[in-house]
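Chain residues, written in single-letter form:
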Amino acid sequence: MQQSYTLADLQNWRAVTHEGAPIRLGIFGDPVEHSLSPQMQNAALQACALDIQYARFHLRSDELEEALRLLPSREFIGINLTVPHKTNAAAMMDELDPFASRVGAINTVRIEGDKLIGFNTDGPGFSRAIRQEFSVDLRDLRVLLLGAGGGAGHAIAYQCAAENCERLVLVNRTPEKAEQLAAELKQSFADTRVAGPVARLQAVPWNDQALRQQIANTDLVVNATTLGMKRSDSPVLATTVLEPHLMVYETVYSPPRTSLLASATEAGALSANGLSMLLHQGALAFERWFDREAPLDAMRAAVSSR
Ligand code: NAP
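Calculation notes
- Residues numbered from 1 in each chain as written.
- Predicted model: local features only at pLDDT ≥ 70, side-chain atom pairs only at ≥ 80, totals over all residues.
- Heavy atoms only, no water.
- Core = buried A, V, L, I, M, F, W, Y, C linked by side-chain atoms within 4.5 Å.
- Buried < 20%, exposed > 50% of the residue type's maximum accessible area, 1.4 Å probe, protein only.
- Helix = DSSP H or I, 4+ residues; strand = E, 2+ residues; numbered from the N terminus.
- Contact = heavy atoms within 4.5 Å.
- Pairing = 2+ DSSP bridges.
- Axes fitted to C-alpha atoms, helices over the stretch in contact; angles between N-to-C directions.
- Salt bridge = Lys/Arg side-chain N within 4 Å of Asp/Glu carboxyl O.
- Near = heavy atom within 4 Å.
- Polar contact = N/O pair within 3.5 Å; in protein donor to acceptor, adjacent residues only side chain to side chain.
- Nonpolar A, V, L, I, M, F, W, Y, C, P; charged D, E, K, R; others polar.

Caption draft 1: Here's a closer look at the nonpolar core. Among the nonpolar cores identified, the biggest contains 35 residues, and Leu168, Leu170 and Leu220 are the most heavily contacted of them. Those elements that place two or more of their residues in this core are helix H5 (98-103), helix H6 (122-134), strand E8 (142-146), helix H7 (151-162), strand E9 (167-171), helix H8 (175-185), strand E11 (220-223) and strand E12 (247-250). It is H7 that provides the largest number of residues to this core, a total of seven residues. Beyond its immediate sequence surroundings of up to four residues, leucine 170 is in contact with Leu145, Ala148, Ala157, Ala178, Leu181, Ala182, Leu201, Gln202, Ala203 and Val204. By size, the runner-up hydrophobic cluster in this structure holds 27 residues, among which are Ala67, Leu70, Ile79 and Ala90.

Caption draft 2: Here's a closer look at the sheet that holds E8. Reading across from one edge, E10-E9-E8-E11-E12-E13 is the order of the six strands in this open sheet, with parallel pairing throughout. The outermost strands of the open sheet, each flanked by one partner alone, are strand E10 (201-203) and strand E13 (270-272). Strand-to-strand twist in this sheet, taken as the mean axis angle between neighbours without regard to direction, amounts to 15 degrees. In this structure, E8 lies alongside E11, joined through four bridges in parallel fashion. When the sheet's bridge partners are listed, valine 143 is paired in E11 with leucine 220. Here H7 sits on the sheet and contacts E8, E9 and E11; the angle it forms with E8, its principal contact strand, is near 165 degrees.

Caption draft 3: Region of the structure containing the pairing of strand E6 (residues 108-112). In terms of burial, E6 is largely enclosed, as four of its five residues are buried. Summarising the sheet, strand E4 (residues 78-81) and E6 pair through three bridges and their orientation is antiparallel. Considered in E6, the bridge of asparagine 80 is made with threonine 108. Once E6 ends, the chain turns through two residues before running back antiparallel as strand E7 (residues 115-119), passing glycine 113 with a positive phi of about 65 degrees.

Caption draft 4: Inspection of the pattern of salt bridges at higher detail. According to the stated counting rule, one finds 12 salt bridges in the structure shown. As a salt-bridge pair, arginine 60 and aspartate 62 come within 3.1 Å of each other at their nearest N and O atoms. Owing to a relative accessible area of 46%, arginine 60 belongs among the partly exposed residues under this scheme. Of the charged contacts, one joins aspartate 191 and arginine 200 as a salt bridge, the two residues approaching to 2.5 Å between their closest N and O atoms. Using a relative accessible area of 5% as the deciding quantity, one classes arginine 200 as buried. Here the residues in one salt-bridge network are Arg60, Asp62 and Glu63, joined through shared partners.

Caption draft 5: Layout of the site of the ligand. The local shell around the ligand holds 25 residues, among which Ala152, Asn172, Arg173, Thr174 and Lys177 are the closest. Here glycine 147 contributes a backbone N or O atom positioned 3.4 Å from an oxygen atom of the ligand. Looking at the shell around the ligand, the elements that each hand over two or more residues are H7 and helix H11 (275-290). With three residues, the top contributor of residues to the shell around the ligand is H11. The residue inventory of the shell around the ligand, partitioned by class, reads 10 nonpolar, 11 polar and four charged.

Geometric values such as these leave the question of function open.
Rendered as structure tokens:
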């Protein structure tokens, strides 16, 4: 695996030596070792004959702002952000694109001169992933979103709103965050499109009973929590909550098979892991950096041959 760089490395960038092309792109995270973005984006750069590299940076939250501010003088083109930096980084940008501004979290930064411009490609990347995995559009789905309080959860919820999905149920460990998000999205779900005696937009508490009540009026369950990234994590849902009519999307891709995916299979539901979202959010980030179409096949091959 490619090494991880640190804030100290960025501070002393001229003294840092590495093999190959100059590093002009990267990902900031904590943890970041699990990320497949370096191998995917480096495959894209190679496929487009761009003589630069994409690297991994392990940065704590209290190091994020200084690291971002060093990027222009280090001649970076852009950066991706992963757990736990997406929301904090949004507040550190000079400009945000309109969707990122609504979401309040970013996963992509483009550097223009001294300016940092923030984008959120997680939302549109998620939408493309759902179409790829299940051959359906978000607008036709009743979605139950676990982890509505995080950066990825916000991006997915705002994407569901932008595409006018049939129904959205927001669930979060800290329930106040799901309630706050429901209040923000209220206008987008104001008309009564959904059939049956259920609300189009609802924040519900995270317990098996409340979730079971929602499942009959749900098509797609999404895990946007960090649960599943560590093998020691407790299961996101009890298998008995899931039913065969569901599609289950796990945003985690490393490890590739989480306990939620095992439960989905056991319940007879369709399921997919977050590799497709990784691919599509990455392709959209590449397009923001280079204003050209991303080499999707090379990127897909790089993450599926792991
Ligand atoms: P984040 O901003 O740190 O949010 C974490 C979310 O997980 C919050 O909703 C948090 O709830 C919840 N959570 C954390 N520990 C929990 C626990 N023990 N029990 C229940 N809920 C818990 O992280 P993020 O950037 O949104 O990332 C979330 C997930 O999305 C990660 O697994 C990440 O890998 C995945 N993701 C995947 C892709 C992809 O391309 N496949 C892209 C983006 C993100 P509280 O609000 O209560 O703290």
